[in-house]
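Observations on the three-dimensional arrangement
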Amino acid sequence: MNAIDPRMHQALDGELDWDAVPAELRRTVARLTAAAELLAAPPPGLVPSVERRVMAEIRRPAPSRARLLMRWFVTPRAIIFRVRPAWSLAFAVVAAAVTLFTVGDQGPELAEHEGIAQFVGRFPEAQSVHVVGTFNDWRPGSIALKDQDHDGVWRATVVLPAGTYEYMFVVDGERWVPDHLAERLVADDFGRENSIVIVRPARR
Amino acid sequence: MRLGVALALAGCLALPLAAQSVRGRLEGRIPSAAIPAVDSLIQLAAQQGLPTEPLVQKALEGGAKQVAAARIVAAVQLSLGQLRDARDLLVRAGDKPPVLPAELTTVAWALRRGLPTPVIERVVAALGRPPRAAAMHAVADLVAHQFDPDSAADLIIEAVQQGVLRERLLDVSTAALHQVQRGHTQAEALAIVRRQLPNLPAPSKPTRGNVAGARRPATPAP
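Predicted, not measured: the structure shown is a model, and the values here were computed from it.

Let's shift gears to the overall build of chain B. The helix and strand tally for chain B stands at eleven helices and zero strands. The N-to-C order of helical and strand elements in chain B reads α-α-α-α-α-α-α-α-α-α-α. Here chain B, with 222 residues, has 37% of them falling under the buried criterion. In chain B, the proportion of contacts linking residues at least 24 apart, taken out of those at least 6 apart, comes to 62%.

This paragraph deals with the overall build of chain A. Scanning chain A from terminus to terminus reveals five helices and eight strands. Listing each helix as α and each strand as β along chain A from the N terminus yields α-α-α-α-α-β-β-β-β-β-β-β-β. For chain A, the proportion of its 204 residues judged to be buried stands at 19%.

With that settled, consider the interface of chain A and chain B. Listed per partner, the contact involves 35 residues of chain A and 33 residues of chain B. Residue assignment for the side of chain A that touches chain B shows that the elements contributing at least two residues are strand 1 (114-122), strand 4 (153-161) and strand 7 (184-187) of chain A. Sort the elements by how many residues they give to the side of chain A that touches chain B and strand 4 of chain A lands first, with five residues. Tallied by class, the residues present in the side of chain A that touches chain B amount to 18 nonpolar, eight polar and nine charged.

Quick look at the packing of helix 4 (residues 69-93) of chain B against helix 5 (residues 101-112) of chain B now. Residue and element names in this part refer to chain B. Following both chains from N to C, one finds helix 4 and helix 5 inclined at 110°, their axes separated by 8 Å at the closest point. What the angle tells us is that helix 4 and helix 5 run roughly perpendicular. The segment helix 4 lies against helix 5, with Gln-82, Leu-83, Asp-85, Ala-86, Arg-87, Leu-89 and Leu-90 engaging Glu-103, Leu-104, Val-107, Ala-108, Leu-111 and Arg-112. By residue class, the composition of the contact of helix 4 with helix 5 is eight nonpolar, one polar and four charged.

Residues and elements named next belong to chain A. With five of five residues buried, strand 2 (residues 129-133) lies mostly within the body of the structure. Of the two faces of strand 2, the one holding Val-129, Val-131 and Gly-133 and the one holding His-130 and Val-132 are both buried throughout. Here two bridges tie strand 2 to strand 3 (residues 144-145), and the two strands are oriented antiparallel to one another. Across the sheet, Val-129 pairs through a bridge with Leu-145, a residue of strand 3. In terms of strand pairing, strand 2 meets strand 5 (residues 163-171) through five bridges, oriented antiparallel.

The angle between the axes and the distance between the axes are what describe a pair of packed helices. Residues and elements named next belong to chain B. For the pair helix 9 (residues 169-181) and helix 10 (residues 186-196), interaxial distance at closest approach is 8 Å and the crossing angle is 130°. Taken together, the axes of helix 9 and helix 10 lie oblique to each other. Two packed elements cross with a definite hand, and for helix 9 against helix 10 that hand is right-handed. In this structure, helix 9 contributes Val-172, Ala-175, Ala-176, Gln-179 and Val-180 to the contact, and helix 10 contributes Gln-186, Glu-188, Ala-189, Leu-190, Ile-192 and Val-193. Among the residues forming the contact of helix 9 with helix 10, the class breakdown is eight nonpolar, two polar and one charged.

Okay, the nonpolar core next. Residues Val-38, Val-123, Ala-135, Val-139 and Ile-156 of chain B are the most contacted members of the largest nonpolar core, which totals 84 residues. Apart from residues lying up to four places away in sequence, Val-139 of chain B is in contact with Leu-115, Val-119, Val-123, Ala-152, Ala-153 and Ile-156 of chain B.

All names here are of chain A. Here Ala-117 shows up in strand 1. For Ala-117 and Arg-200, which are 83 residues apart along the polypeptide, the C-alpha to C-alpha distance reads 8.7 Å. Ignoring sequence-local partners within four residues, the contact set of Ala-117 consists of Val-158, Leu-160, Val-197 and Val-199.

Looking now at the confidence of the model for chain A. Per-residue pLDDT for chain A has a mean of 85; in total, 91% of the residues score no lower than 70. Taken element by element, the predicted model of chain A shows its lowest mean pLDDT in helix 5 (residues 85-105) of chain A (79) and its highest in strand 2 of chain A (94).

One turn of the α-helix equals 3.6 residues, which is why residues spaced by three or four share an orientation. An ideal rise of 1.5 Å per residue puts 16 Å on twelve residues; helix 5 of chain B measures up with 16 Å between its terminal C-alpha atoms. With nine of twelve residues buried, helix 5 of chain B lies mostly within the body of the structure. Listed as buried for helix 5 of chain B are Glu-103, Leu-104, Thr-105, Thr-106, Val-107, Ala-108, Trp-109, Ala-110 and Arg-112 of chain B. Buried residues along helix 5 of chain B sit in contact with strand 5 and strand 7 of chain A together with helix 3 (53-64), helix 4, helix 6 (117-127) and helix 7 (133-144) of chain B. A positive backbone phi angle near 95° is found at Gly-114 of chain B, which sits one or two residues after helix 5 of chain B.

Turning next to helix 8 (residues 149-161) of chain B. Residue and element names in this part refer to chain B. With 13 residues, helix 8 ought to run about 18 Å at 1.5 Å a step, and its terminal C-alpha atoms sit 18 Å apart, in line with that. Of the residues making up helix 8, those classed as buried are Ala-152, Ala-153, Leu-155, Ile-156, Ala-159 and Val-160. When helix 8 is viewed along its axis, its buried side chains cluster within an angular range of 155° and face the same direction. The inward-facing, buried residues of helix 8 contact helix 6, helix 7, helix 9 and helix 10. Taken from the residues just after helix 8, Gly-163 is the one with a positive phi, measuring 95°.

Turning our attention to the environment of Ala-70 of chain B. Counting through the fold element by element, Ala-70 of chain B comes out in helix 4. In this structure, the C-alpha to C-alpha distance between Ala-70 of chain B and Ala-33 of chain B, residues 37 residues apart in sequence, is 8.5 Å.

Before going further, it helps to examine unusual backbone geometry. In this chain, Pro-97 of chain B is followed by Pro-98 of chain B through a cis amide linkage whose omega measures 0°. Of note, Pro-98 of chain B is situated in the loop between helix 4 and helix 5. Of the consecutive residues Pro-130 of chain B and Pro-131 of chain B, the connecting peptide bond is found in the cis state with omega at 5°. We note that Asp-172 of chain A has phi near 55°; this positive angle belongs to a residue other than glycine. Tracing the backbone through its elements, the reader meets Asp-172 of chain A in the loop between strand 5 and strand 6 (175-177).

Definitions and cut-offs
Residues numbered from 1 in each chain as written. Chains lettered and ligands numbered in written order. Predicted model: local features only at pLDDT ≥ 70, side-chain atom pairs only at ≥ 80, totals over all residues. Helix = DSSP H or I, 4+ residues; strand = E, 2+ residues; numbered from the N terminus. Buried ≥ 20, exposed ≤ 12 C-beta atoms within 10 Å, placed from the backbone. Contact = placed C-beta atoms within 7 Å. Nonpolar A, V, L, I, M, F, W, Y, C, P; charged D, E, K, R; others polar. Axes fitted to C-alpha atoms, helices over the stretch in contact; angles between N-to-C directions. Parallel < 35°, antiparallel > 145°, perpendicular 65-115°, else oblique. Pairing = 2+ DSSP bridges. Left-handed = near helix turned anticlockwise from the far one by under 90°. Core = buried A, V, L, I, M, F, W, Y, C linked by C-beta atoms within 7 Å. pLDDT = per-residue confidence, 0-100. Expected span 1.5 Å × (residues − 1). Arc of directions from axis to C-beta.

Spelled out as structure tokens, the structure:
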């Protein structure tokens, strides 16, 4: 490696006047000075320097909490589940039990030719009310009405095959009463009247 | 030939078996004094091709209501007569024997509900093929609310002619009854519903809450 003439250092550092630079070094000093000026000049297109960009980032105000939250929500993340088989089985059992309980609460599944008959009667003093008719062979005690609100209004909802039925209420096991809310009545040939209910298929 | 003999034998065996099963249903449910007479009436109905279930039900009803044996027999006899009348009416109106049991009970009901025989015959003839239960109940519902029987039958027959489905004929009578509840006369109600045909308000369907609480009767329905 060749050592640089110390006078060239002095000339480039401005410590030696141009006139004092020997003639054989002047050309080299002039080239080095031009190269130094070229390197010091900013590049075309005004691209900010790394330093300026870093400083601009540091000076930018911190993002708000809402923006941070939004960024957290929209950023994709990998989620890892570690499952213990025993807990999985327990969860499956609980899910099945909840499903079965819910399905059972929705009542019976109606067949194509079945419908719903609602029986409602107001018997404020009654201890028990049953509905009997051609749908249960006139067998007292098989379909009980309930007074859940204790307001004297007794109700029962029954699934029956679609068709026409005659019926009566039996109050306290001995008093036979027609359904006064029924739209249809017919003589029972025993001196009283039966109510008529027409059950229409629920699936039409 | 062999098949015919087998069928005849099966028929001979079926009647006593059916009679036994009917006796089984009646025993303990009606006074024992009434059983022989009721049983013979039921067998008579079966021999004449009439449905026996309405007679069994009438006897069971009498037993449940603790009616005397003689009155139970009389009521069953009356029911048998109504079924015969219903069959005669259906045949007169154009049905070919053997008449369907469901149609017989429908017409018997219509007679018991007070529909005049000529009106029933008109409805049967106008509808032609079964089922006619909904039509008959629709006319009977209107007559029970002081509608003129002929006009009520006209409305239901017109609804069928305009394409209203038979299972929706009860909605026709219900629509007319709603018009009366709104203050119209029976004649006005019929006219209003006739103008609306074949459009009808949608029938109410059972709600989920109703179905949830529903249960089937312990005894199988007939």
